[in-house]
Amino acid sequence: MNKISSKLSRLTNKQILKLSNSVNIILLVTAALSIAYSWYKIIVNDISTLLMSLLLVIAGLAMYSIFINIKLMATAIEEILTENIDLEKYLDIYTLMYKKANRYSKEEQEASLIFTDGRVKYYRGQFQDVQLTFDALDYNKVQKKYRTKLLLRRYNFEMLSCILQKEREEYNRLKSEIETLSLSLPSDQELRDNILKITSAAYSIIVEKQPNNYFDDHSVNSRLGKITYTYYAALNAQLKGEEARTRELFESIAQENPELFYVQEAKRYLEESYIKV
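Structural notes, computed from the coordinates. If you're wondering where the values come from, they're calculated on a predicted model, not measured in any experiment.

**Let's talk about the pattern of salt bridges**
Turning to step 1, where the next piece is worked out: Scanning the entire structure with this criterion turns up 13 salt bridges.
Turning to step 2, where the next piece is worked out: Between Arg154 and Glu158 there is a salt bridge, and its shortest N-O distance comes to 2.9 Å. Placement of both Arg154 and Glu158 in helix 7 (residues 144-164) is noted, with a separation of four residues, approximately one turn of the helix. Grouping residues by exposure puts Arg154 and Glu158 together as buried.
Turning to step 3, where the next piece is worked out: The partner of Glu272 in a salt bridge is Arg268, with the nearest N and O atoms 3.2 Å apart. Of this pair, Glu272 and Arg268 both sit in helix 13 (residues 261-276), four residues apart, roughly one helical turn.
Turning to step 4, where the next piece is worked out: Assessed through its relative accessible area of 37%, Glu272 is described here as partly exposed.
Turning to step 5, where the next piece is worked out: Here Arg268 falls in the partly exposed class, since its relative accessible area comes to 39%.
Turning to step 6, where the next piece is worked out: When salt bridges that share partners are traced, they join Asp135, Arg154 and Glu158 into one network.

Now the structure itself:
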């Protein structure tokens, strides 16, 4: 499934959406025809138990395949950012989904687009615009089961933006808010714990100028996540006076997408260090 989503993420945005919609329509029609034919045979009293079972299995498999297809396409879209690191394409596909959305899903797609826009602005280093963008989010437009995770992820990007701008007061306010949120699901609690660990480590390194080995001791699977952790690990090495390791870590990400502020900062450090030499 990972290989399939990786290949899908390299298609054009229009191809991804067209393929997803086409597959869902075919599967939905298959399920509908299977159910309709089975009902017809029941009405005319001309259906065996075996045929009835077969038709229901076909309908069930078709509906389950729609679920798998939706999940696969969501993974492929996320990999545009986390693996291909194509910020423009990632924002564009959410824009397309919003434009093509029907009246029943328009508001939800609008919320997804706003969140994606804020997320992309963060990675581009437009930290002052992150909170302004997120302020436009209307959580009533988001499905209830997704609201809490979206809120937590918003806190993550806003807190990191404050850290990178060294806004201590706003960071502490956001930290206090996320710590006092009432969370019932273990997955939400785990997500909050991870966000607090990451932001606390980043705060120590960037604002307090105190070494913190969190990003050295932990790892992530995605390409974007590795770039992120490498960036903070490099800053941590710099605080510890390990210039050779600092340069090595920054060099390892300097050739990545120059839109990322991590890459911009890495290049700036390397240029300045070469001038000193």
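**Here we look at the packing of aromatic side chains**
Turning to step 1, where the next piece is worked out: Evaluated as defined, the whole model comprises 22 aromatic pairs.
Turning to step 2, where the next piece is worked out: Relative to Tyr203, the ring of Tyr171 has its centre 4.4 Å away and its plane inclined at 15°; by these criteria the two rings are stacked. Of the two residues, Tyr171 is situated in helix 8 (residues 168-179) and Tyr203 in helix 9 (residues 186-206); the sequence distance between them amounts to 32 residues.
Turning to step 3, where the next piece is worked out: Taking relative accessible area as the criterion, Tyr203 reaches 9% and is therefore assigned buried.

**Re helix 12 (residues 243-253)**
Turning to step 1, where the next piece is worked out: If you check which residues of helix 12 are buried, you get Thr246, Leu249, Phe250 and Ile253. Down the axis of helix 12, the buried set is contained in an arc of 95°. They therefore lie on one face. Residues of helix 12 that are exposed and point more than 90 degrees away from the buried face comprise Ala244 and Glu248.

**Description of a nonpolar patch on the surface**
Turning to step 1, where the next piece is worked out: A grouping of Ile25, Val29 and Leu33 is seen on the molecular surface, where their side chains present a nonpolar patch of about 290 Å² in accessible area.
Turning to step 2, where the next piece is worked out: Its location among the elements puts Leu33 in helix 2 (residues 13-43).

**So, the environment of Leu235**
Turning to step 1, where the next piece is worked out: One can find Leu235 in helix 11 (residues 223-239).
Turning to step 2, where the next piece is worked out: Measuring from C-alpha to C-alpha, the distance between Leu235 and Leu249 comes to 9.2 Å, with 14 residues separating the pair along the chain.

**Some points on unusual backbone geometry**
Backbone geometry follows two general trends: most residues other than glycine have a negative phi, and most peptide bonds adopt the trans configuration.
Turning to step 1, where the next piece is worked out: Its identity as a non-glycine residue notwithstanding, Lys166 has a phi of 60°, on the positive side.
Turning to step 2, where the next piece is worked out: With respect to the element layout, Lys166 can be found in the loop between helix 7 and helix 8.
Turning to step 3, where the next piece is worked out: Residue class for Lys166 comes out partly exposed when judged on its relative accessible area of 46%.
Turning to step 4, where the next piece is worked out: One non-glycine residue, Lys209, adopts positive backbone phi at about 60°.
Turning to step 5, where the next piece is worked out: Mapped onto the secondary structure, Lys209 falls in the loop between helix 9 and helix 10 (214-217).
Turning to step 6, where the next piece is worked out: Here Lys209 falls in the partly exposed class, since its relative accessible area comes to 48%.

**A look at helix 5 (residues 106-123)**
Turning to step 1, where the next piece is worked out: With 18 residues, helix 5 should cover 26 Å at 1.5 Å per step; its first-to-last C-alpha distance of 26 Å lies within 8% of that length.
Turning to step 2, where the next piece is worked out: A positive backbone phi angle near 85° is found at Gly125, which sits one or two residues after helix 5.

**Quick word on the packing of helix 5 against helix 7**
Turning to step 1, where the next piece is worked out: One can describe the packing of helix 5 onto helix 7 by two numbers: an axis separation of 10 Å at closest approach and a directional angle of 25°. Taken together, the axes of helix 5 and helix 7 lie roughly parallel to each other. As for the relative orientation of helix 5 and helix 7, their crossing is left-handed in sense. The segment helix 5 lies against helix 7, with Glu108, Phe115, Arg119, Tyr122 and Tyr123 engaging Tyr146, Leu150, Arg153, Arg154, Phe157, Leu160, Ser161 and Leu164.
Turning to step 2, where the next piece is worked out: Split into classes, the residues belonging to the contact of helix 5 with helix 7 amount to eight nonpolar, one polar and four charged.

What counts and how
- Here the residue numbering is sequential within each chain, running from 1 through the sequence in written order.
- A pLDDT threshold of at least 70 governs which residues receive local features in this predicted model, and a stricter bar of 80 or more applies before side-chain atom pairs are shown or counted, although totals over entire chains, interfaces and linings include all residues.
- The side-chain figures draw on all heavy atoms in the structure; neither hydrogens nor water molecules are used.
- Throughout this description, the term salt bridge denotes a Lys or Arg side-chain nitrogen within 4 Å of a carboxyl oxygen of Asp or Glu.
- Here a strand is any run of E in DSSP of at least two residues, a helix any run of H or I of at least four, and the numbering for each starts at the N terminus.
- Categorising residues by exposure relies on relative accessible area from a 1.4 Å probe, with only protein chains included: less than 20% of the type maximum marks a residue as buried, more than 50% marks it as exposed, and the intermediate range marks it as partly exposed.
- Only Phe, Tyr and Trp rings are paired, with Trp represented by its six-membered ring, and only when their centres lie within 6.5 Å; those with planes under 30 degrees apart are stacked, over 60 edge-to-face, the remainder tilted.
- By arc we mean the arc of the directions from the helix axis to the C-beta atoms, nothing more.
- Patches in this entry comprise residues that are over 30% relatively accessible and not in a salt bridge; like charges within 9 Å are linked, as are nonpolar side chains (Val, Leu, Ile, Met, Phe, Trp, Tyr) within 5 Å.
- Only the protein chains shown count as cover for residues, and the accessible areas themselves come from Shrake-Rupley with a 1.4 Å probe.
- Here a helix's expected span is defined as the number of its residues, less one, multiplied by 1.5 Å.
- Throughout, an axis means a line fitted to C-alpha atoms (over the contacting stretch in the case of helices), and angles, computed between N-to-C directions, take values from 0 to 180 degrees.
- Note on terminology: angles under 35 degrees are roughly parallel, angles over 145 are roughly antiparallel, angles of 65 to 115 are roughly perpendicular, and the others are oblique.
- Left-handed describes a crossing whose near helix is turned anticlockwise from the far helix through less than a right angle; right-handed describes the clockwise counterpart.
- Should any heavy atoms of two residues lie within 4.5 Å, those residues are considered in contact.
- Under the grouping applied here, Gly and all other residues not named as nonpolar or charged are polar, the nonpolar ones being Ala, Val, Leu, Ile, Met, Phe, Trp, Tyr, Cys and Pro and the charged ones Asp, Glu, Lys and Arg.

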